[in-house]
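Letter by letter, the chains look like this.
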Amino acid sequence: MVEPKLSVIVPFYNEEDNIQRMYAAIVAAIEPLEVTFEMVFVDDGSKDNTVNLAIEIARHDQRVKVVKFRRNYGQTPAMAAGIQHASGSILITMDGDLQNDPADIRNFLAKIDEGNDIVVGWRFNRQDKLVSRKIPSRMANWLIGKVTGVPIKDNGCSLKAFRGSLIKNIPLYSEMHRFIPAMASIAGPRIAEIKVQHHARQFGQSKYGLSRVYKVLLDLMVIKTIASFTPRPLLWFTMLAIPGMVIGTVLLGYGTWLMLTSSSHALPLASSGLISLASSIILFCSGAVGELVYKLGDMREQQFARLTRRVSSHRQLQP
Amino acid sequence: MDPREQIDVSVIIPVGERQSDPAKLYAEYRAGLAATGRTFEFVYIIDGAYPEYQAALEKLAASGEPITIVLLTRSFGEATAVSAGFDKASGEVIVTLPAHAQIDKSGIPALIQQLDSVDLAIARRWPRVGGPFERVRRALFHGLLSRVTQLRFRDLGCSARAMKRRVLEEIQLYGDQQRFLPVLADRQGFRVREIDVPQSPEDRYSGIYGPRSYTGGLLDIFTVFFLVRFTKKPLRFFGMVGVVTFGIGAIAQLVMIVQRMFFGQALADRPAFLVASLFVVLGLQIFALGLLGELIIFVHAGATKDYQVDRVIQFTSAGVPVTPKLEPKLDRTASG
């Protein structure tokens, strides 16, 4: 089979009301564009009839591939599985609940062709409840932008386009679908943001939400540390160790001096110094272990650099 | 594998410290399997040095019984023994049974029958004998376990289980993790069901469990906690513990420093300051360990997966299913 240019990845979880409409809308949006495409429907362990409907669609349309999970794993694993099973050179992810409009795909393709690696959607006229959805989301987006340094107005929008070779090599796990651009930033991609349509949910219940804020905060912390310290664990741990080392040395010196000159009551002070000194040494050693782990792993900086590089060579100029 | 006859059920029996009379138990199990009407084989794994048991089995095998005996050089633990036996098992259905009488023979067909609708069927001995102490101990263990795993299993001590072949193909167990197979299988997305099975009249432990079995149980729960809750998100666990420890130490230190500077209370003769700095340092270390854990997960994220794909469905233009592309793990076992 010929590799398609475009893969549309749609995770479904209990969406029997929407899947057929979604399929029709995607086909109607992409067919006029005259690109080869495939659709990857990921069934995230639905308990209703979703998977059978998806298989029925696939039976009639060979461009549809259904990836069935053994049980419900959540949105990030569903996206990750879809990405791994897609074969297009451009991947587009979107929600399975008709809140994204497949008609926007045209603009995403144009942006990718302009040379961007990632294009994210911005639901500028978001059709959701103000207090429970929009305000928390705006705060979260502001925070994510500040912390990760990737200022995106709408991290929660599922409608995104990626260069396939890039996104397939970005590890996606836990609940990172909200942070895909931030996570991908370790590879230094060109990111663009465009406005997309957003429709209110018509059928069925909302399945995924900004469920627990603290989880988002912890994940954010993980991504920040990973994205900034991954290539140089030793440096990071050393920075953690330096305050301990300074404080330890000062306390130890001062305590010893006190003990030698005046009273012998300075023992706790000197011991505190000794403890923090020891701690900073252990931190330094952890950094060394981190360096080792990084060297032995398969996610290294060179690889990320390769993902986004452009080569202009004299050889290309020759006919 | 013997090409002449297709074997339906492979029974794996790891022989460890606790044993019943081999010939009698074998006859019992055999009768239970014969009731299913399927072809079967037995794989015994001698996990340690039990020459008498081995001799009894060899005698049975010599008399034409379908028995394979695997000898391990030393005791490796039940889970390792089961996977050693699995290498020699050829049935589509795998049944693990204990080498000491636990369940009545009528339970074996019942377990195998469950596989029509689930991937792993486990036995709960019920009705069950046991004194009040024993009952409390069991309730404590399983109550704590279900809090940690959010799963309700009531008799993980019973090792009579029936499963589809792919359960053992996908789940790598080692050491003494055998009893947690249901927990790990559920995590892997397999359907697990616990059914009531009559207890064998011989399965009666009359002694009182010592403190060792309590600490052992706690350690087991700790293991499961780590396997289930945190292998994917180390910083969520370590980070929390580290920040709390660091916070306690830092606040205590701050209070003492303020007292020293503004209230004239001498710092030098307060060992509490020492304890506070220990907390600070400890918190920092724990946090750093969490970071290391995250780093390990991150650099190996390509090899470890969060999810299990049941199958991939695609059709050709003629409406014929494309040969399913199997997961790499399954692929390897299918070709080898």
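Novice: Give me the lowdown on the domain arrangement of chain B, citing residues and values where you can.
Specialist: Here chain B is partitioned into domain 1 (9-230) and domain 2 (234-299). Spacing between the C-alpha centres of domain 1 of chain B and domain 2 of chain B amounts to 45 Å.

Novice: Describe the packing of helix α9 (residues 234-262) of chain B against helix α10 (residues 271-299) of chain B, listing the residues and the values that go with them.
Specialist: Residues and elements named next belong to chain B. In contact at an axis separation of 7 Å, α9 and α10 are set at 160° when each is read in the N-to-C sense. When the interaxial angle is binned, α9 and α10 end up roughly antiparallel. Handedness of the crossing formed by α9 with α10: left-handed. Among the residues making up the contact of α9 with α10, the classes are represented as 22 nonpolar, 9 polar and 1 charged.

Novice: Can you explain the sheet that holds strand β6 (residues 161-164) of chain B? Please cite residues and give values.
Specialist: Residues and elements named next belong to chain B. Strand order in this open sheet of 7 strands is β3-β2-β1-β4-β6-β5-β7, and the pairing throughout is mixed. Taken across any chain shown, the strands that pair with only one partner, and hence form the sheet edges, are β3 (67-72) and β7 (192-197). Neighbour-to-neighbour, the strand axes of this sheet turn through a mean angle of 20°, independent of strand direction. Examined bridge by bridge, strand β1 (residues 9-15) and strand β4 (residues 93-96) share 4 bridges and lie parallel to one another. Residue Ile-12 lies in a different strand from β4, and its bridge partner there is Thr-96. In the packing of helix α2 (residues 51-62) onto the sheet, the strands contacted are β1, β2 (40-47) and β3, and the crossing angle to β3 comes to about 155°. Sheet strands touched by helix α3 (residues 78-86): β1, β2, β3 and β4. Its angle to β1, the strand with the most contacts, is close to 145°.

Novice: Before we move on, can you summarise helix α9 (residues 233-261) of chain A with the specific residues and values?
Specialist: The terminal C-alpha atoms of α9 of chain A, which comprises 29 residues, lie 42 Å apart, in line with the 42 Å expected from a rise of 1.5 Å per residue. The sharpest bend along α9 of chain A measures roughly 30° and falls at Ala-241 of chain A, with the proline Pro-243 of chain A sitting one to four residues further on.

Novice: Kindly report on unusual backbone geometry, identifying the contributing residues and their values.
Specialist: In the segment running from Trp-126 of chain B into Pro-127 of chain B, the intervening peptide bond is cis, with an omega of 0°. Counting through the fold element by element, Pro-127 of chain B comes out in the loop between β5 (120-125) and α5 (132-149). Positive phi, normally seen in glycine, also occurs at Leu-98 of chain A, with a value near 65°. For Leu-98 of chain A, a count of 21 C-beta atoms within 10 Å gives the class buried. Unusually for a residue other than glycine, Gln-150 of chain B sits at a positive phi of about 65°. With respect to the helices, strands and loops of the structure, Gln-150 of chain B is situated in the loop between α5 and β6.

Novice: Can you explain the sheet that holds strand β5 (residues 118-123) of chain A? Please cite residues and give values.
Specialist: Strand-to-strand pairing in sheets goes through backbone hydrogen bonds, with the strands running parallel or antiparallel. Strand order in this open sheet of 8 strands is β7(A)-β5(A)-β6(A)-β4(A)-β1(A)-β2(A)-β3(A)-β8(B), and the pairing throughout is mixed. For this open sheet the edge positions go to β7 (191-196) of chain A together with β8 (309-314) of chain B, each flanked by a neighbour on one side alone. If you compare each strand with its neighbour and ignore which way they point, the axes differ by 20° on average. With 5 bridges connecting them, strand β2 (residues 37-43) of chain A and strand β3 (residues 64-69) of chain A associate as parallel partners. Following the sheet pairing, Val-42 of chain A is matched in β3 of chain A by Val-67 of chain A. Against the sheet, helix α1 (residues 19-30) of chain A engages β1 (6-12) and β2 of chain A, with an angle of about 165° to β1 of chain A.

Novice: Describe the nonpolar core, and please don't skip the residues or the numbers.
Specialist: The tendency in soluble globular proteins is for nonpolar side chains to be buried side by side. Core analysis: the biggest nonpolar cluster contains 96 residues, and Val-8, Ile-9, Phe-41, Ala-54, Ile-92 and Met-183 of chain A have the highest contact counts within it. Element by element, the count of residues in this core is highest for α10 of chain B, at 13 residues. Leu-33, Leu-168, Phe-180 and Leu-181 of chain B belong to the second-largest nonpolar core, a separate cluster that totals 56 residues.

Novice: Run through the domain arrangement of chain A, naming residues and quoting values.
Specialist: We note that the domain assignment places domain 1 (6-228) and domain 2 (233-298) within chain A. One C-alpha centre belongs to domain 1 of chain A, the other to domain 2 of chain A, and the line joining them spans 45 Å.

Novice: Talk me through the interface of chain A and chain B; I want residue IDs and the actual numbers.
Specialist: Opposite the 47 residues of chain A that make contact, chain B presents 42 residues. Of all the elements in the fold, those that place two or more residues in the side of chain A that touches chain B are α2 (50-60), β3, α3 (75-85), α8 (213-229), α9 and α10 (267-296) of chain A. Among the elements that line the side of chain A that touches chain B, the one with the most residues is α10 of chain A, at 14 residues. Looking at side-chain class alone, the side of chain A that touches chain B contains 28 nonpolar, 13 polar and 6 charged residues. Pairing analysis gives 5 bridges linking β3 of chain A to β8 of chain B, with the strands arranged antiparallel. Along β8 of chain B, the bridge assignment pairs Lys-65 of chain A with Gln-314 of chain B.

Novice: Account for the environment of Ala-56 of chain B, with residues named and values stated.
Specialist: Residues and elements named next belong to chain B. Relative to the helices and strands, Ala-56 resides in helix α2. Accessibility expressed as a C-beta count within 10 Å gives 18 for Ala-56, which makes it partly exposed. Sequence spacing of Ala-56 and Glu-28 is 28 residues, and the spatial spacing of their C-alpha atoms is 15 Å.

Novice: Any chance you could break down the confidence of the model for chain B for me, citing the residues and the numbers?
Specialist: Overall, the prediction assigns chain B a mean pLDDT of 83, with 89% of residues at 70 or greater. Both confidence scores are given for the complex: pTM 0.73, ipTM 0.75.

Cut-offs and rules
- Residue positions within a chain follow its written sequence, with the count starting from 1.
- A letter from A marks each chain and a number from 1 marks each ligand, given out in the order of writing.
- Whole-chain, interface and lining totals are the exception, using all residues; otherwise, since this is a predicted model, local features are given only for residues with pLDDT of at least 70 and side-chain atom pairs are given and counted only at 80 or more.
- Marked domain ranges trace back to an automatic or database domain assignment.
- Fitting a line to C-alpha atoms yields each axis, with helices limited to the stretch in contact; the angle taken between N-to-C directions then spans 0 to 180 degrees.
- Each helix is a run of H or I in the DSSP string that is no shorter than four residues. Each strand is a run of E no shorter than two, and both are numbered from the N terminus.
- Under this scheme an angle from 65 to 115 degrees is roughly perpendicular, one under 35 degrees roughly parallel, and one over 145 degrees roughly antiparallel; angles in between are oblique.
- Handedness of a helix crossing follows the sense of rotation of the near helix relative to the far helix, less than a right angle counterclockwise being left-handed and clockwise being right-handed.
- Three classes are used, and their members are as follows: Ala, Val, Leu, Ile, Met, Phe, Trp, Tyr, Cys and Pro are nonpolar, Asp, Glu, Lys and Arg are charged, and the others, Gly among them, are polar.
- Strand pairing requires that DSSP identify at least two bridges connecting the strands.
- Residues are scored as being in contact if the C-beta atoms we place from backbone atoms lie within 7 Å.
- Here the expected span of a helix is defined as 1.5 Å times the quantity of residues minus one.
- Two axes enter the definition of the bend at a residue: one is fitted to the seven residues ending there, the other to the seven starting there, and the bend is the angle between them.
- Using C-beta atoms placed from the backbone, we call a residue buried if 20 or more other C-beta atoms fall within 10 Å of its own, exposed if 12 or fewer do, and partly exposed for counts in between.
- To count as a nonpolar core, a set of buried Ala, Val, Leu, Ile, Met, Phe, Trp, Tyr and Cys residues must be joined through C-beta atoms within 7 Å.
- A residue's pLDDT is the predictor's confidence in that residue, given on a scale from 0 to 100.

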